[in-house]
Structures are given as C-alpha cells and as structure tokens.
Amino acid sequence: MSDSSSPQPGKPGGAGRYARPDSGALVLCGARLADGRTVDVRLGGGRIEAVGTAGSLAPQGARVDLGGYLLLPAPAEPHAHCDTALTADADGPASDSAEDVQRRTTEAALLQLGHGATASRSHVRIGGVQGLRALAAVLQARRALRGLADLAAVAVPRVLTGVAGANGLAMLRDAVNMGATVIGGCPDLDPDPAGYVESVLEVAGEHGCPVDLHTDGDDPARLARFAAMCGGLRPGVAIGPCAGMARMPRSVAARVAEQLAAADVAVVCLPQGDCTGLERNGTRVSRPAPVRLLRAAGVRVAAGSGALRDAANPVGRGDPLEAAYLLASLGEATPEAAYETVSSAARATLGLPEVRVEAGFPAELLAVRGERIAGVLSLAYSRIVVHRGRVVARTSAVREYCDSVDVALELPRQSQR
C-alpha cells in the first residue's frame with residue numbers, strides 16, 4: 001500500500017487536484033452521502049450551490065469524480081499543539097527558534113489538513129523565557145496557510161495569580177493584541193485555580209474572545225465552580241480533556257455533566273491521550289472523558305487529537321477520524337455520533353458555521369473512500385479534502401497482492417486514481 005499527500009496548488013481538474021480559485025464552479029460527481037443517496041454537488045464562491053441526483057448537474061468548471069467515496073462535512077481540529085508538534089525525535093530539547101516553530105506549525109497544520117481538518121485551534125504557551133515568540137511564529141504560519149486551512153491561535157499563559165501572575169496577565173493581553181483569538185490556560189497548574197479562571201474570563205470579556213481551558217477535570221467541586229463562573233460567557237467556553245471525569249463515581253460525574261450543560265460549557269475530549277498542556281510526571285490517562293454520559297446530559301462534546309508526535313505522545317497522528325474511531329471502539333458513541341464530535345460539534349466549538357451537504361452551506365467537505373461512516377472510521381486511507389470550495393489535499397492508497405496468491409474468490413479491488 002502506498003500513500004501520497006503532497007498538495008499541488010494551481011492544477012485544475014482531476015480527482016484531488018486543486019481547482020483554481022477563479023475557475024468557476026467545481027462539480028463533485030457521483031458522491032455517496034451518509035443517508036445512502038448518490039449525488040452530484042456543485043460548489044461555487046466557497047459554498048455549496050446545488051445538490052442533485054447523480055448526472056443531473058452539468059459541469060460548469062472543474063469536475064471531480066467521487067465514485068466510491070463517501071462525502072461528509074469536513075472535520076475540524078479543536079485541540080492541537082502545532083508549535084510543539086513533530087519534536088519527539090529531536091536529539092535533546094527541541095528548538096524554539098521562530099523559524100523552527102513556524103515550520104513545525106505549518107507542517108502540523110498541513111498534516112491535519114491531509115486528514116481532513118480544514119480548520120484547527122492550536123494552543124500556544126506564552127510567558128517564561130520564550131515570552132511571545134512562539135505565538136508570533138504560529139501567527140506567521142497562520143498567515144502563510146491562508147486559503148489552504150484556517151488556523152486559530154490560543155494564548156496559554158502559565159501563572160495568572162499572585163505576584164508572579166501580574167506579568168502573565170499583562171502578557172496575555174499583549175497576546176490578544178498580537179492576534180491570538182482565543183484565551184486559554186491551565187488552571188490546574190496555578191496555585192489558585194479559581195483565581196486563574198477569573199483572570200482568564202476578565203481578559204476574555206474585555207476583548208470578546210472565547211475561552212478554552214486545559215483541565216483534567218478530576219475535582220467535581222472545582223468543575224462545578226468553573227461552570228458557575230463561565231456560564232453565559234459569549235462567544236463561548238470550552239474545557240478539556242476532562243479525562244478525570246471518567247474516574248469519578250457515575251452519579252458524581254452525571255451531576256457535574258448537568259452543571260456543565262446548564263452553563264453551556266463545551267467539553268473537548270482527547271481519545272488519543274493527554275497533551276503537552278497536562279502531562280504530569282510522565283503519566284498518561286488511558287480513557288477519555290465519559291462522552292456518552294456528557295452527551296446524555298446535553299453537553300456539547302467535541303473530540304480533538306492533542307499531541308502530534310511530541311513528548312506527550314510520540315506516535316500521535318493528528319487525525320480526526322482516528323479520534324472518532326477510538327470513541328466508537330471504546331463504546332462512548334455510535335460511529336455516526338463519534339464522527340459528529342470531530343465535525344459538527346468541533347466546528348461549533350470553534351465558532352465556525354454549520355456544514356451540511358446541502359445548498360447554501362459552506363463548501364468544507366471531506367470525501368473518504370467507502371460506503372458508510374463505520375467503514376471509513378475503520379479503514380480510511382484515501383481522502384479528498386475541500387476547503388472554501390476547492391480541493392486542497394488528497395491522500396490516495398492502493399493495496400495490491402502478489403499474483404501467487406491462489407484464491408477462487410471474486411474479491412473487490414480498489415482501482416488506482
């Protein structure tokens with residue numbers, strides 16, 4: 001089996017090639033939808049213009065044959081650490097130079113894009129010796145990626161309370177002025193977790209920013225207090241990965257889930273394991289937050305990838321479909337609900353508009369070779385990614401067996417494309 005995922009901008013036509021932004025409509029032909037229909041989909045102006053039965057939409061520009069593919073709303077990555085990604089193999093401490101951070105961020109975002117995530121939210125630590133350098137490099141990568149993928153930066157200060165927190169609070173405001181669009185942080189690591197959250201909410205309120213906090217969520221009283229403090233904040237609050245909730249007695253976790261739902265606080269779980277924001281003494285959490293329990297209480301649950309081949313997870317893939325696969329395989333969600341956590345729920349958590357394969361919705365789409373969601377979560381090699389109405393990435397796979405295999409079965413073969 002071979003894989004290729006090299007973007008080739010500016011080449012019109014053909015499955016998986018970029019359509020030029022000014023080339024008019026792009027028609028996706030013969031795609032299968034999750035409801036079983038086979039359709040043509042015409043894109044234009046970054047949106048879905050029309051959906052019709054297969055063969056009903058005459059191509060008015062580029063054409064992509066999606067026969068054999070399942071067409072879905074594109075995933076989004078709600079919890080990444082692009083600045084520290086791809087550092088697991090480094091000899092010694094990873095370089096924190098602006099050039100290296102920008103390169104790692106760009107490469108990580110493109111890897112996620114190849115998997116299907118057309119938008120991502122990257123948490124970036126600020127403060128300490130590095131100050132705002134890593135954030136500046138991530139923001140530069142965001143500008144370079146414009147048109148390929150949307151990247152939002154989360155400013156993650158270290159300490160915000162006491163004498164030591166004054167500098168962190170000032171730096172947090174500077175980070176927002178630089179271009180960070182989300183206020184983050186790790187209240188569990190501050191001597192005063194509630195004071196930390198209060199400071200974050202103060203800055204978020206000043207600038208109208210959403211909040212996204214790292215917390216293990218193993219203290220029900222602390223989670224209840226967070227919910228009470230964050231309730232009603234607009235444009236929204238997310239916490240995660242909250243793996244500690246899986247270790248609570250079920251009745252306690254259910255009560256906490258109800259409090260989070262009442263406060264409209266979203267939870268971003270990390271099925272692939274903890275991330276750099278919460279790694280403590282080399283320990284890892286083997287099970288994610290109780291997604292089924294949280295969803296039953298009415299909490300919006302999104303699933304992210306977290307670490308991408310860094311110290312926290314040297315084999316992290318940054319693949320939304322793997323996050324969904326793990327939730328389904330652990331029994332935390334049906335395959336369809338698991339995919340929602342990495343697509344519609346993830347997009348809502350990031351404040352992005354809803355995507356459906358219907359006329360009028362944004363053309364943010366993922367085509368995966370397969371017939372049903374369960375199948376593509378199990379074996380999702382070939383993918384075609386559409387962002388703002390044009391194909392921006394393709395990953396193709398071909399499996400072959402040697403001709404000495406003597407079987408008398410009519411087995412399906414995957415054709416090369």
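Note that the structure is a prediction, hence the values are computed from the model and not measured.

Regarding the overall build of the protein
Check the secondary structure of the protein and you find 11 helices and 17 strands. Out of the 417 residues in the protein, the part that is buried amounts to 54%. For the protein, the share of sequence-separated contacts (at least 6 apart) that also reach a separation of at least 24 residues comes to 74%. With the model as given, the accessible surface of the protein reaches about 17,700 Å², and the carbon-plus-sulfur share is 49%.

So, the sheet that holds strand E13 (residues 265-269)
With parallel pairing, 8 strands are arranged side by side in an open sheet as E7-E8-E9-E10-E11-E12-E13-E14. Every other strand in the sheet has two partners, leaving strand E7 (77-80) and strand E14 (301-303) as the edge strands with one partner each. Strand after strand, the sheet turns through a mean of 25° between neighbouring axes, direction not considered. Examined bridge by bridge, E7 and strand E8 (residues 119-125) share 2 bridges and lie parallel to one another. Looking at the pairing, alanine 80 lines up with serine 122 of E8. With respect to the sheet, helix H2 (residues 133-144) is in contact with E8 and strand E9 (150-156), its orientation differing from that of E9 by roughly 170°. Contacting strand E10 (182-185) and strand E11 (211-215), helix H4 (residues 193-207) crosses the sheet at an angle of about 170° to E10.

Examining the pattern of salt bridges
If charged atoms from side chains of opposite charge come close, those side chains can pair. Taken as a whole and judged by the stated rule, the model has 19 salt bridges. Linking arginine 173 and glutamate 206 is a salt bridge whose minimum nitrogen-to-oxygen distance equals 2.7 Å. Note that arginine 173 is positioned in helix H3 (residues 162-178) and glutamate 206 in helix H4, a separation of 33 residues in sequence. Since its relative accessible area comes to 43%, glutamate 206 is described here as partly exposed. Residues arginine 234 and aspartate 264 are paired through a salt bridge, measuring 3.5 Å at the closest nitrogen-oxygen approach. With a gap of 30 residues between them, arginine 234 in the loop between helix H5 (220-230) and strand E12 (237-241) and aspartate 264 in the loop between helix H6 (250-262) and E13 connect regions that are remote in the sequence. Each of Asp100, Arg103 and Glu107 takes part in salt bridges that share partners, so that together they form one network.

Considerations on helix H1 (residues 98-115)
Relative to the 26 Å expected for 18 residues at 1.5 Å per residue, H1 spans 26 Å between its end C-alpha atoms, a close match to the ideal helical length. Residues Val101, Arg104, Thr105, Thr106, Ala108, Ala109, Gln112, Leu113 and Gly114 constitute the buried set of H1. On the buried face of H1, the contacting elements are E7, E8, H2, E9, strand E16 (383-387) and strand E17 (390-398). Phi turns positive one or two residues past the end of H1, at glycine 116, with a value near 125°.

Observations regarding the packing of H5 against H6
With their axes 9 Å apart at the nearest point, H5 and H6 run at an angle of 10° to one another. In terms of axis orientation, H5 runs roughly parallel to H6. The residues of H6 that touch H5, namely those facing Pro220, Leu223, Ala224 and Ala227, are Val252, Val256, Gln259 and Leu260. Its residues placed into classes, the contact of H5 with H6 shows 7 nonpolar, 1 polar and no charged.

Here we look at the packing of H3 against H4
Running from amino to carboxyl end, H3 crosses H4 at an angle of 30°, the nearest separation of the two axes being 11 Å. The orientation of H3 relative to H4 falls into the category roughly parallel. Of the two possible hands of crossing, H3 and H4 adopt the one that is right-handed. Together, Leu169, Leu172, Arg173, Val176 and Asn177 of H3 and Ser199, Glu202, Val203, Glu206 and His207 of H4 make up the contact between the two elements. Along the lines of polarity and charge, the residues of the contact of H3 with H4 split into 4 nonpolar, 3 polar and 3 charged.

Regarding the nonpolar core
Grouped together as the largest cluster of nonpolar side chains are 79 residues, with contacts concentrated most on Leu135, Ile183, Val211, Ile239, Met245, Leu260 and Leu294. Top contributing element to this core by residue count: H4, with 6 residues. Aside from chain neighbours lying at most four places away, what touches isoleucine 183 is Val154, Ala155, Leu172, Val176, Val200, Val203, Ala204, Cys209, Pro210, Val211 and Asp212. Among the nonpolar cores identified, the runner-up in size contains 21 residues, and Val39, Val355, Ile384 and Val386 belong to it.

Reading the values: rules and limits
- Residues numbered from 1 in each chain as written.
- Predicted model: local features only at pLDDT ≥ 70, side-chain atom pairs only at ≥ 80, totals over all residues.
- Heavy atoms only, no water.
- Helix = DSSP H or I, 4+ residues; strand = E, 2+ residues; numbered from the N terminus.
- Buried < 20%, exposed > 50% of the residue type's maximum accessible area, 1.4 Å probe, protein only.
- Contact = heavy atoms within 4.5 Å.
- Areas by Shrake-Rupley, 256 points an atom, 1.4 Å probe, with all protein chains shown as cover.
- Pairing = 2+ DSSP bridges.
- Axes fitted to C-alpha atoms, helices over the stretch in contact; angles between N-to-C directions.
- Salt bridge = Lys/Arg side-chain N within 4 Å of Asp/Glu carboxyl O.
- Expected span 1.5 Å × (residues − 1).
- Parallel < 35°, antiparallel > 145°, perpendicular 65-115°, else oblique.
- Nonpolar A, V, L, I, M, F, W, Y, C, P; charged D, E, K, R; others polar.
- Left-handed = near helix turned anticlockwise from the far one by under 90°.
- Core = buried A, V, L, I, M, F, W, Y, C linked by side-chain atoms within 4.5 Å.

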